[in-house]
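# Analysis of the macromolecular model
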Amino acid sequence: MGGELLTIGAFARASRLSPKALRLYDELGLLTPVHVDPHSGYRHYAPAQLERARLVAWLRRLGMPLARIREVCALAPGAAAGAVAAYWAQVEADIAARRDLAAFLVDQLERKDPTMTEHRDLAAPLTLRCAALTDRGLVRAVHQDAAYAGPHLLAVADGWGPEGGPAATAAIEALKPLQDQDLASADLLAVLEEAALRAHRAAPTGDEATGSTLTALLRSGARMALLHIGDSRAYVLRDSGLFRITHDHSLVQSLIDEGRLTPEEATNHPQRLQLLRALGAGTDFAPDLRLLDARPGERYLLCTDGLTGVVPSEVIEEVLTGAGTPEQAVAALVSRVHEAGAPDNVGCVVADVVEV
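This structure is a prediction, so every number in the text was calculated from the model and none was measured. (Residues numbered from 1 in each chain as written. Predicted model: local features only at pLDDT ≥ 70, side-chain atom pairs only at ≥ 80, totals over all residues. Heavy atoms only, no water.)

### Section: the overall build of the protein
Convention followed: For helices the rule is a DSSP run of H or I covering at least 4 residues; for strands it is a run of E covering at least 2, with both sets numbered from the N terminus onward. Here, residues are in contact when the closest pair of their heavy atoms is within 4.5 Å. A 1.4 Å probe and the Shrake-Rupley method give the accessible areas. Residues count as covered only by the protein chains that appear here.
Counting its secondary structure elements, the protein contains twelve helices and 15 strands. Taking as baseline every contact in the protein between residues at least 6 positions apart, the subset at least 24 positions apart corresponds to 66%. Accessible surface for the protein amounts to roughly 17,500 Å². Of this, 53% is attributable to carbon and sulfur atoms.

Okay, here's the thing in structure tokens:
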């Protein structure tokens, strides 16, 4: 590299990166100085490194994670341009998803405000019209998904391992007594969590890992408790669209969250089935819990990854919007899974919130 070497201070001013950032990028191997004084430790950079430094600065302004910046910087200009375009497309998709989630949360919070005029709608007696359906699929030799739908309880579970089927069934069975309990004055989240904990403790054990996901909704009046652990999912369909209200507890989802993997790459990732949280399998019991307010006209979907792994969300929304009844909806969803090859078991529950 030609030209007189620049001190870290001069290089920071020229590249518009702070000395602190430059030291971090050196540690990460992202922007290594050409010379480090062995006695003082002072870093010196070549003027030719400014182009890479400015690219790093621009990519950081885009919010690109450092691991991904390293990959982009290693590419030829044309390939790097494609990588930046792909990253920004992902950002825009993530922003759209967060916008939808923000709208969902605003609506939920407004319902809890007694000064909102629409709050009186929550006083109307409600019930759930619902249907559940599971299917072995076209490839798997055994069926390890379970589902349940009742006017007070909705649940799906996806088992794996040698005793995966019994684990999923046991998870659902542990919750089913809640369907007939008087929950009018109960702490819904505590009741649901305690039942799921019993299922976690009772999960089959053996030499090989066995466990199950569990996603469930427990309703009393207009209140709904959501419990979620694993990578099964819950959605709600409203006039404004379909919203996912759970977050996958999987390795690939954590990599997506960290910016190290795109959703498209996650589809074929070799560890896409690895869960970070689940029932049984020697893991800690750490479900997500939240309270929701139900409203007439909403349609809820709980499903295992046998559906979401092969049917795009826009198709799921189309099916849920077009189906007249929950029974028609679950049948249509399983049909779409079969059209996609049904490589996995599938379990789904659809429930409509209606006034009594």
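On we go from here.
### Comments concerning the pattern of salt bridges
A side chain of one charge can pair with a side chain of the opposite charge if their charged atoms are brought near each other. Put simply, the rule reads: The salt bridge definition used is simple: a Lys or Arg side-chain nitrogen within 4 Å of an Asp or Glu carboxyl oxygen. Remark: exposure states derive from per-residue accessible area (1.4 Å probe, protein chains only) relative to the maximum for the residue type, with buried under 20%, exposed over 50%, and partly exposed in between.
Under the definition given, this model contains ten salt bridges. For Asp248, the salt bridge goes to Arg244, with nearest N and O atoms at 3.5 Å. For Arg244, a relative accessible area of 29% corresponds to the partly exposed category. Measuring nitrogen to oxygen at the nearest pair gives 3.7 Å for the salt bridge that ties Arg336 to Glu318. With Arg336 in helix 12 (residues 326-339) and Glu318 in helix 11 (residues 313-322), this pair connects stretches of sequence that are 18 residues apart. Among the charged side chains, a network of salt bridges with common partners joins Arg233, Arg244 and Asp248.

### Observations concerning the environment of Thr127
Note on placement: Thr127 falls in strand 4 (residues 126-135). With 92 residues separating them in the primary sequence, Thr127 and Arg219 have C-alpha atoms 8.7 Å apart. With sequence-adjacent residues up to four places away left out, Thr127 is seen in contact with Pro151, Arg219, Asp352, Val353, Val354 and Val356.

### Side note on the state of the cysteines
Operational definition: Here, two cysteine sulfur atoms that lie within 2.5 Å of each other are counted as a disulfide.
What the rule picks out here adds up to zero disulfides. The closest cysteine sulfur to the non-disulfide-bonded Cys303 is located on Cys348, 7.2 Å from its own sulfur.

### A few points about helix 1 (residues 8-15)
The criterion, for reference: The directions considered for the arc are those from the helix axis to the C-beta atoms.
Those residues of helix 1 not exposed but buried are Ile8, Phe11, Ala12 and Ser15. Within helix 1, the buried residues cover an arc of 105 degrees as seen down the axis, which keeps them to one side. Buried-residue contacts for helix 1 involve strand 1 (6-7), helix 2 (19-27), strand 3 (43-45) and helix 3 (50-61). Looking one or two residues beyond helix 1, the residue adopting positive phi is Arg16, at roughly 65 degrees.

### Examining the packing of helix 1 against helix 3
The geometry of a pair of packed helices is captured by two quantities: the angle between their axes and the separation between those axes. Put simply, the test is: Axis lines are fitted through C-alpha atoms, for helices just across the contact stretch, and the angle between N-to-C directions can take any value from 0 to 180 degrees. Angles below 35 degrees are treated as roughly parallel, those above 145 as roughly antiparallel, those between 65 and 115 as roughly perpendicular, and all remaining angles as oblique. Helix crossings are classified by the rotation of the near helix relative to the far one: an anticlockwise turn of less than a right angle makes the crossing left-handed, while a clockwise turn makes it right-handed.
At a minimum axis separation of 9 Å, helix 1 and helix 3 run at an interaxial angle of 60 degrees. It follows that helix 1 is oblique to helix 3 by the angle criterion. Two packed elements cross with a definite hand, and for helix 1 against helix 3 that hand is right-handed. Two secondary-structure elements touch here, helix 1 through Phe11, Ala14 and Ser15 and helix 3 through Leu50, Ala53, Arg54 and Ala57.

### Describing the nonpolar core
Basically, it comes down to this: Take the buried residues of types Ala, Val, Leu, Ile, Met, Phe, Trp, Tyr and Cys, join any two whose side-chain atoms come within 4.5 Å, and each joined set is a nonpolar core.
If you look at the biggest cluster of nonpolar residues, it comprises 27 residues, and the most contacted ones within it are Ile172, Leu175, Leu192, Leu214, Leu218 and Leu279. Within the residue set of this core, elements represented by two or more residues are strand 5 (145-149), strand 6 (153-160), helix 6 (164-175), helix 7 (188-201), strand 8 (214-220) and strand 9 (223-229). The element best represented in this core is helix 7, accounting for six residues. Discounting chain neighbours no more than four positions away, the residues touching Leu218 are His152, Leu153, Leu178, Leu183, Leu188, Val191, Leu192, Arg223, Met224 and Ala225.

### Some thoughts on helix 12
Put simply, the rule reads: Residue count minus one, scaled by 1.5 Å, sets the expected span of a helix.
Between its first and last C-alpha, helix 12 extends 20 Å over 14 residues, near the 20 Å set by a 1.5 Å rise per residue. Inspection of helix 12 places Pro326, Ala329, Val330, Leu333, Val334 and Val337 among the buried residues, and these make up the whole buried set. Down the axis of helix 12, the buried side of the element spans an arc of 125 degrees, and every buried residue falls inside it. Buried residues along helix 12 sit in contact with strand 4, strand 14 (299-303), helix 10 (305-308), helix 11 and strand 15 (346-355). Count one or two residues on from helix 12 and you reach Gly341, which has phi positive near 100 degrees.

### Here's the deal with the side chain of Asn345
The cut-off we apply is this: Pairing of N or O atoms within 3.5 Å defines a polar contact, subject to two protein rules: one partner must be a possible hydrogen donor and the other a possible acceptor, and residues neighboring in sequence count only if both atoms are side-chain atoms.
Topologically, Asn345 is positioned in the loop between helix 12 and strand 15. At 2.8 Å, the side chain of Asn345 forms a polar contact with the backbone oxygen of Arg136. At 2.8 Å, the side chain of Asn345 forms a polar contact with the backbone nitrogen of Gln144. Sequence-distant contacts of Asn345, that is, excluding residues within four places in its chain, are made with Asp135, Arg136, Arg140, Val142, His143, Gln144, Asp145, Thr304 and Gly306.

### Describing the sheet that holds strand 1
Condition: The pairing criterion for strands is at least two bridges between them, as found by DSSP.
Taking strand neighbours across the sheet as the criterion, the three strands line up as 1-3-2 in an open arrangement whose pairing is antiparallel. The open sheet has two free edges, formed respectively by strand 1 and strand 2 (35-36), since each of these has just one partner strand. Here strand 2 runs beside strand 3; their pairing, made up of two bridges, is antiparallel. The partner of Val36 across the bridge, within strand 3, is Arg43.

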